[in-house]
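Overview (structure and organization)
Take a look at the letters that make up each chain.
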Amino acid sequence: MQIEVLTTADAVAQSAAKFIASRAAAAIGARGRFSLAVSGGHTPWQMLRELAKENVDWTKVHLFQVDERVAPPGDPDRNLTHIRESLLANAPLPAANVHPMPVEATDLAAAAARYAQELAALTGRPPPVLDLAHLGLGLDGHTASLVPGDPVLDQRLEVALTQPYQGHRRMTLTCPILNRSRCVLFVVSGAEKIPALRALRSGDRAIPAGRIAGEHALVIADAAAAGVHS
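Residues numbered from 1 in each chain as written. Predicted model: local features only at pLDDT ≥ 70, side-chain atom pairs only at ≥ 80, totals over all residues. Heavy atoms only, no water.

1. Considerations on the overall build of the chain
From N to C terminus, the chain includes seven helices and ten strands. Against the globule reference of 17 Å for 230 residues, the chain gives a C-alpha radius of gyration of 16 Å, in line with a compact fold. Summed over all atoms, the accessible surface of the chain reaches about 9,900 Å², with 52% contributed by carbon and sulfur. (Helix = DSSP H or I, 4+ residues; strand = E, 2+ residues; numbered from the N terminus. Rg over C-alpha atoms; globule rule 2.2 N^0.38 Å. Areas by Shrake-Rupley, 256 points an atom, 1.4 Å probe, with all protein chains shown as cover.)

2. Considerations on the sheet that holds strand β7 (residues 159-161)
Across the sheet, which stays open at both edges, the three strands sit in the order β4-β8-β7 with antiparallel pairing between neighbours. For this open sheet the edge positions go to β4 (67-69) and β7, each flanked by a neighbour on one side alone. Neighbour to neighbour, the strand axes of the sheet diverge by 15 degrees on average, direction disregarded. Pairing of β7 with strand β8 (residues 170-173), which is carried by three bridges, proceeds in the antiparallel orientation. If you follow Leu161 over to β8, its bridge partner there is Met171. Sheet strands in contact with helix α4 (residues 108-122) are β7 and β8, and its direction is about 160 degrees off that of β7. (Pairing = 2+ DSSP bridges. Axes fitted to C-alpha atoms, helices over the stretch in contact; angles between N-to-C directions. Contact = heavy atoms within 4.5 Å.)

3. Brief notes about the side chain of Thr123
Counting through the fold element by element, Thr123 comes out in the loop between α4 and β6 (132-135). Thr123 sits in the buried class, given a relative accessible area of 13%. Setting aside anything within four residues of it in sequence, one finds Thr123 in contact with Arg33, Ser35, Pro128 and Val129. (Buried < 20%, exposed > 50% of the residue type's maximum accessible area, 1.4 Å probe, protein only.)

4. Here's the deal with the packing of aromatic side chains
One pass over the full model with this rule turns up one aromatic pair. With centroids separated by 6.2 Å and ring planes inclined at 80 degrees, the aromatic side chains of Phe64 and Tyr115 adopt a geometry described as edge-to-face. Separated by 51 residues along the polypeptide, Phe64 in strand β3 (residues 61-65) and Tyr115 in helix α4 bring together distant segments of the chain. The exposure classification of Phe64 matches that of Tyr115, with both residues buried. (Phe/Tyr/Trp six-rings, centres within 6.5 Å; stacked < 30°, edge-to-face > 60°.)

5. A short note on helix α1 (residues 9-31)
In a regular helix each residue adds 1.5 Å, so 23 residues correspond to 33 Å; α1 covers 32 Å between its end C-alpha atoms and thus fits that length. Restricting attention to buried positions, one finds in α1 the residues Val12, Ala13, Ser15, Ala16, Ala17, Ile20, Ala21, Ala24, Ala27 and Ile28. (Expected span 1.5 Å × (residues − 1).)

6. Comments concerning the sheet that holds strand β5 (residues 98-99)
Taken together, seven strands build an open sheet; the order of strands is β1-β10-β9-β6-β2-β3-β5 and the sheet is parallel. Looking at strand neighbours, the two that pair on one side only are β1 (2-6) and β5, the edges of this open sheet. Where strand β2 (residues 34-38) and β3 come together, five bridges link them in parallel fashion. Residue pairing in the sheet places Phe34 in a bridge with Val61 of β3. This element, helix α6 (residues 194-201), spans β1, β9 (184-188) and β10 (217-222) of the sheet and lies at about 155 degrees to β10.

7. As for the layout of surface pockets
Approximately 490 Å³ is the volume attributed to the largest pocket. Taken together, 24 residues line the largest pocket, and the ones lying closest to its centre are Gly40, Gly41, Leu137, His142 and Lys193. If you tally residues by element for the lining of the largest pocket, the top one is helix α2 (residues 42-51), at four residues. Across the lining of the largest pocket, the residue classes tally to seven nonpolar, twelve polar and five charged. (1 Å grid on protein atoms, 1.4 Å probe; cavity = no way out; pocket = protein on both sides within 12 Å on 5 of 7 lines; lining within 4 Å. Points joined across faces, edges and corners; volume = space filled by probe spheres on them. Nonpolar A, V, L, I, M, F, W, Y, C, P; charged D, E, K, R; others polar.)

Following this line, the structure appears as structure tokens:
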């Protein structure tokens, strides 16, 4: 696992955006498309605003979600609400290339299975392989919506439904598909993340994030999260 430590959360957002843009160019050059799955969080919304400014061939980008809360359309708790505000309002990504998690479906289990099929169809194979999965890191070491103690942690399905967490059930990509990604990008900011980031860097499987394979992972963190003092 590689780590890049920058001074501020703003610098993290800018560096992460440039990294994603570079991976997009490489994937499009190699395979003709770029499959990107994004998570939520304050610094990631900044990152997506910065990404909208980058020189990306958006017609060849397919945007997926790493996880989403089961909540109504436009709900402020929905990651999609913020993805629309930060990226989709500012980048010419074709609507057909945006693949929201279907959390408004009546049968959520069937909807999760369909999303896994959509991932496989658009990444060129089953099992699906994402070009880049962007992840965050919670205080409790969760990533995506893979939280401590949830049975989803040991789920073999590519897309699964969690138990209620912080007021919502969630739909989430699981460890198998995240570990199969060509690249994993963790974006981490804030001094409160020091213990979780330390555990992640040590490969501690006691936290969910520690179950994500490190050989294809890059962590971009601010100095506060890395415990670096000027």
